[in-house]
Amino acid sequence: MRVTKAIIPAAGLGTRVLPATKAMPKEMLPIVDKPAIQYIVEEAVAAGIQDILIITGRNKDIIEDHFDRAPELETALGRPGKEKALEECLGIAGMANIFFVRQKQTLGLGHAVLMAKPFTGDEPFVVMYGDDVIMGEDPVAGQLIRAYEAYGRAAVGIKEVPKADLQKYCSMKAEPIQGNHYFIDDMIEKPAPGQEFSNFSILGRCLLTPEIYTILEHTAPGAGGEIQLTDAMAVLAREKGVTGVDFTGKRYDMGNKLGVMQAQVETALRHPEIGPAFREYLREVSKTL
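Below is a short write-up of the structure. Just so you know, these numbers come straight off a predicted model, no measurement behind them. (Residues numbered from 1 in each chain as written. Predicted model: local features only at pLDDT ≥ 70, side-chain atom pairs only at ≥ 80, totals over all residues. Heavy atoms only, no water.)

Structural notes on the sheet that holds strand S5 (residues 97-102)
Adjacent strands of a sheet pair through backbone hydrogen bonds, lying either parallel or antiparallel.
Part 1 of the argument: In space, the 9 strands of this open sheet follow the order S5-S4-S1-S6-S11-S8-S12-S10-S9, with mixed pairing throughout. Unpaired on one side and paired on the other, S5 and strand S9 (170-178) mark the two borders of the sheet. Ignoring strand direction, the axes of neighbouring strands in this sheet form an average angle of 30°.
Part 2 of the argument: As paired strands, strand S4 (residues 51-56) and S5 are joined by 6 bridges and run parallel to one another. What sits directly across from Thr 56, in S5, is Arg 102. (Pairing = 2+ DSSP bridges. Helix = DSSP H or I, 4+ residues; strand = E, 2+ residues; numbered from the N terminus. Axes fitted to C-alpha atoms, helices over the stretch in contact; angles between N-to-C directions.)

Side note on helix H7 (residues 140-151)
Part 1 of the argument: Helix length check: H7 (12 residues) gives 17 Å between terminal C-alpha atoms against 16 Å at 1.5 Å per residue, within 8%.
Part 2 of the argument: For H7, the complete set of buried residues consists of Val 140, Ala 141, Gly 142, Gln 143, Leu 144, Ile 145, Ala 147 and Tyr 148.
Part 3 of the argument: Gly 152 occupies a position one or two residues after H7 and carries a positive phi of about 70°. (Expected span 1.5 Å × (residues − 1). Buried < 20%, exposed > 50% of the residue type's maximum accessible area, 1.4 Å probe, protein only.)

Thoughts on the packing of aromatic side chains
Within a pair of aromatic rings, the relevant descriptors are the distance that separates the centres and the angle that separates the planes.
Part 1 of the argument: Considering all chains together, one arrives at 4 aromatic pairs under this definition.
Part 2 of the argument: Residues Phe 125 and Tyr 213 carry aromatic rings whose centres are separated by 5.5 Å and whose planes lie at 15° to one another, so their mutual orientation is stacked. Pair noted here: Phe 125 is in strand S6 (residues 125-128) and Tyr 213 is in helix H8 (residues 211-217), with a separation of 88 residues, a long-range link.
Part 3 of the argument: Overall, the relative accessible area of 0% leaves Phe 125 in the buried class.
Part 4 of the argument: Directly above the ring of Phe 119 sits Lys 5, whose terminal nitrogen or CZ lies 5.2 Å from the centroid.
Part 5 of the argument: The ring of Tyr 39 has Lys 34 lying over it, and the distance from NZ or CZ to the ring centre is 4.5 Å. (Phe/Tyr/Trp six-rings, centres within 6.5 Å; stacked < 30°, edge-to-face > 60°. Lys NZ or Arg CZ within 6 Å of the ring centre and 35° of its normal.)

Looking at the side chain of Glu 189
Part 1 of the argument: Tracing the backbone through its elements, the reader meets Glu 189 in strand S10 (residues 181-189).
Part 2 of the argument: Of the polar contacts made by the side chain of Glu 189, one reaches the side chain of Lys 190; its length is 2.8 Å.
Part 3 of the argument: Of the polar contacts made by the side chain of Glu 189, one reaches the side chain of Thr 230; its length is 2.7 Å.
Part 4 of the argument: The residues contacting Glu 189, other than those within four sequence positions of it, are Tyr 169, Cys 170, Ala 223, Gln 228, Thr 230 and Asp 231. (Polar contact = N/O pair within 3.5 Å; in protein donor to acceptor, adjacent residues only side chain to side chain. Contact = heavy atoms within 4.5 Å.)

So, the pairing of S6
Part 1 of the argument: Here S6 shows no split at all, with Phe 125 and Val 127 on one side and Val 126 and Met 128 on the other all buried.
Part 2 of the argument: The pairing of strand S1 (residues 5-9) with S6 spans 2 bridges and is parallel. Paired with Ala 6 across the bridge in S6 is Val 126.
Part 3 of the argument: As paired strands, S6 and strand S11 (residues 200-208) are joined by 4 bridges and run antiparallel to one another. Pairing of Val 127 across the sheet is with Cys 206, part of S11.

A closer look at the packing of helix H10 (residues 257-270) against helix H11 (residues 275-285)
Part 1 of the argument: H11 packs onto H10 with a crossing angle of 125° between their chain directions and a minimal axis gap of 6 Å. The angle between the axes of H10 and H11 places the two elements in the oblique class. Counting all contacts with H10, which are made through Val 265, Ala 268 and Leu 269, the residues of H11 involved are Gly 275, Phe 278, Arg 279 and Leu 282.
Part 2 of the argument: In the contact of H10 with H11, the residues fall into 5 nonpolar, 1 polar and 1 charged. (Parallel < 35°, antiparallel > 145°, perpendicular 65-115°, else oblique. Nonpolar A, V, L, I, M, F, W, Y, C, P; charged D, E, K, R; others polar.)

A few points about the pattern of salt bridges
Oppositely charged side chains are able to pair whenever their charged atoms sit close together.
Part 1 of the argument: Within this structure, the stated rule accounts for 20 salt bridges.
Part 2 of the argument: Salt-bridge contacts for Glu 189 lead to Lys 190; the nearest nitrogen and oxygen are separated by 2.8 Å.
Part 3 of the argument: A single salt-bridge network, built from bridges that share partners, covers Arg 16, Asp 132, Arg 251 and Asp 253. (Salt bridge = Lys/Arg side-chain N within 4 Å of Asp/Glu carboxyl O.)

As structure tokens, this is what we get:
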């Protein structure tokens, strides 16, 4: 079955980047001239996704506003010389069919995904974590879709992380298949020292099949007292196996202060409009700091 739907959980509180996120959702933090979540939506569209559900929370209406039409702004940009800006604003609203639902309690990523059941129905779907921006020529969502088409099972985007960081993420029991593909038949969320399977962890992207919902409905709260998506995926891995894709692309953690600055600086250096000038600025300012 062709994969045409994605969900973006974006209900987190952004506590690691306070006070910037006291009133501004971390998903709306700018990376040069676009908010982080727009890069995620653009990745989905580049991978052939047509319908996107963004799961938000209280005080995140600004995300919905960003992907809506803005008649007053469009009128102002209708003057001569503003054609490019007008085209960009209209393009944001027309990128895909974007829907919203509010997670009324922060009960975990697994709970957020379970809310998408009426949206995805019996179709496979991509989950794109709202605080993980991944830059690259080949969209990670597309890499997972190709893995699903090749093996007919759920797929997750994985990367090796330092062993000391595994307790912040999860650990995969992974065996090589071919190329950058691995067969995963177990995983553990936030492993204690000695519980790790490998240094591979899921980072920001996964493609799930509809049976995940039945598993989630019977998943008890795990780490942090929340319903962990990884706990449900571990059941799926043990029962049917999951494909791990050691994806190509650079991941930026927009829920982390250093990750935010890395995304901004590196994207600015690549930006066609300001890249050369910004590179020269960094060269000059480095002499004085």
